Each structure stands twice: as C-alpha cells, then as structure tokens.
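# Overview (structure and organization)
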Amino acid sequence: MKRTNYTTDEFRKNCKSYSTACLAGAVVLILIAVCGLFTPIYCLMQDRGNIADVIGGLEVLTVALGFNFASKIFRSMSIVGSPFSYDIADKIMGLAQILEIGSAVCFVAAMAIRVTGHGDLIDTAACVEPGIFFLFTWAIASLFSALAKAFDHGAKLQQESDETL
C-alpha cells in the first residue's frame, strides 16, 4: 500500500472535518438519548412504562459522550497540527474513562433491575443487552486507554525532539 505524506495544512483540514462529523454525530445521539431517557420517565409518571426503558437511553448517551470527546480530540489535533501532545493524550484518556463509567452505570442499573426480579423488562427495553454493551464498551475503553498511553509517550518523544533542535 502506497502511503502519501500529508502536509500540516492537510492534516489540520482533515482533523477539522472529522471534528465536525463527530460533533454532528454527538448532537444526533444526544437528541436520541434525551428521547430515550425522558420518554420512559414520562411514561412511568403516567403508569405506562417501566424503569428498564431508561437503560437504552443511558447506552445511547454513553456513545454520544464518546463522540463528543472524539470531536474535541480532532479539534485539538487541528489546532496543534500534530497528534502527539499531552492535551490530546489526556483527552483520549478522558474518552476511555467516559466509556468505562457509562458502561458501568448501565451494567449496574441492569443488574439492580434483575436482582429485584424484573429481568424480563431489560430484555425488551435496552438497545443492546447491558452485559454485552458493558463488555464491548469496556474493551473499546481499554483500547483507548492504551492508545492514550502511546500518545503520551509520543508527546514526550516529540517534546524531547523539539528541545534538541
């Protein structure tokens, strides 16, 4: 596979477009999550729904927050002009932590509902089965955590390279 070398301007332009796409995805998913959270709560107040419906909204909200962090990562890359900075490594670690926390909240909520004897509600309500969502999201978060450490090391090497010049 032939590689092309991007100029810094091309890199910044691509990062800006990725940032915009991720932000648009985050906005759409947040709107879906709001419906996924508030509609079941309203139905519960009217005695027509169940609490397990909220888990689907939490799952979508977790993914939406992940897209929001991705947008911030690309925005920072477009400003810096390089993927290797401590700020970007910190944002990637933040993305990993958001995914870990969101998946854990969904999983704990699902387990609490199952322990109370209402596991059948989760099977019909959640977008993705909470156990699978937890494992899949946790695996992705682990990948981003490792990536953050690699970017942190890259930022250190970049800093050492800039200092020797």
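### Notes on the overall build of the protein chain
Within the protein chain, the regular secondary structure consists of five helices and zero strands. Listed N to C, the secondary structure of the protein chain is α-α-α-α-α in terms of helices and strands. Expressed as a percentage of its 165 residues, the buried residues of the protein chain come to 35%. Intrachain contacts of the protein chain at a sequence separation of at least 6 include 77% that bridge at least 24 residues.

### So, the packing of aromatic side chains
In the structure shown here, the tally under the stated rule is four aromatic pairs. Taking 5.3 Å as the distance between ring centres and 40 degrees as the angle between the ring planes, the aromatic pair formed by Phe-84 and Phe-151 counts as tilted. Of this pair, Phe-84 sits in the loop between helix 2 (53–80) and helix 3 (86–115) while Phe-151 sits in helix 5 (residues 130–164), and the two are 67 residues apart along the sequence. Since its relative accessible area comes to 14%, Phe-151 is described here as buried. A centroid spacing of 4.6 Å and a plane angle of 25 degrees characterise the contact between Phe-107 and Phe-134, whose relative ring orientation is stacked. Here Phe-107 is found in helix 3, whereas its partner Phe-134 is found in helix 5, with 27 residues between them in sequence. Within the aromatic cluster, the residues linked to one another by ring pairs are Phe-107, Phe-134 and Trp-138.

### Quick word on the side chain of Ser-78
Within the secondary structure, Ser-78 sits in helix 2. On the basis of relative accessible area, Ser-78 is assigned to the buried category, the value being 7%. Setting aside residues no more than four positions away along its own chain, Ser-78 makes contact with Arg-12, Cys-15 and Lys-16.

### Digging into a nonpolar patch on the surface
A cluster of nonpolar side chains, contributed by Leu-23, Val-27 and Leu-31, occupies part of the molecular surface with about 270 Å² of accessible area. Along the chain, the position of Val-27 falls in helix 1 (residues 8–45). What makes Val-27 partly exposed here is its relative accessible area of 45%.

### Structural notes on the nonpolar core
Side chains of nonpolar character tend, in soluble globular proteins, to be buried together. Grouped together as the largest cluster of nonpolar side chains are eleven residues: Cys-15, Ile-73, Met-77, Ile-88, Ala-89, Ile-92, Leu-95, Leu-99, Ala-141, Ala-148 and Phe-151. Sorting elements by how many residues they give to this core places helix 3 first, with five residues. Discounting chain neighbours no more than four positions away, the residues touching Leu-99 are Thr-62, Thr-137, Ile-140, Ala-141 and Phe-144.

What counts, and at which threshold
- Residues numbered from 1 in each chain as written.
- Predicted model: local features only at pLDDT ≥ 70, side-chain atom pairs only at ≥ 80, totals over all residues.
- Heavy atoms only, no water.
- Helix = DSSP H or I, 4+ residues; strand = E, 2+ residues; numbered from the N terminus.
- Buried < 20%, exposed > 50% of the residue type's maximum accessible area, 1.4 Å probe, protein only.
- Contact = heavy atoms within 4.5 Å.
- Phe/Tyr/Trp six-rings, centres within 6.5 Å; stacked < 30°, edge-to-face > 60°.
- Patch = residues over 30% accessible without salt bridge, like charges linked within 9 Å, V, L, I, M, F, W, Y side chains within 5 Å.
- Areas by Shrake-Rupley, 256 points an atom, 1.4 Å probe, with all protein chains shown as cover.
- Salt bridge = Lys/Arg side-chain N within 4 Å of Asp/Glu carboxyl O.
- Core = buried A, V, L, I, M, F, W, Y, C linked by side-chain atoms within 4.5 Å.

Spatial relationships are all this shows, so hold off on functional conclusions.
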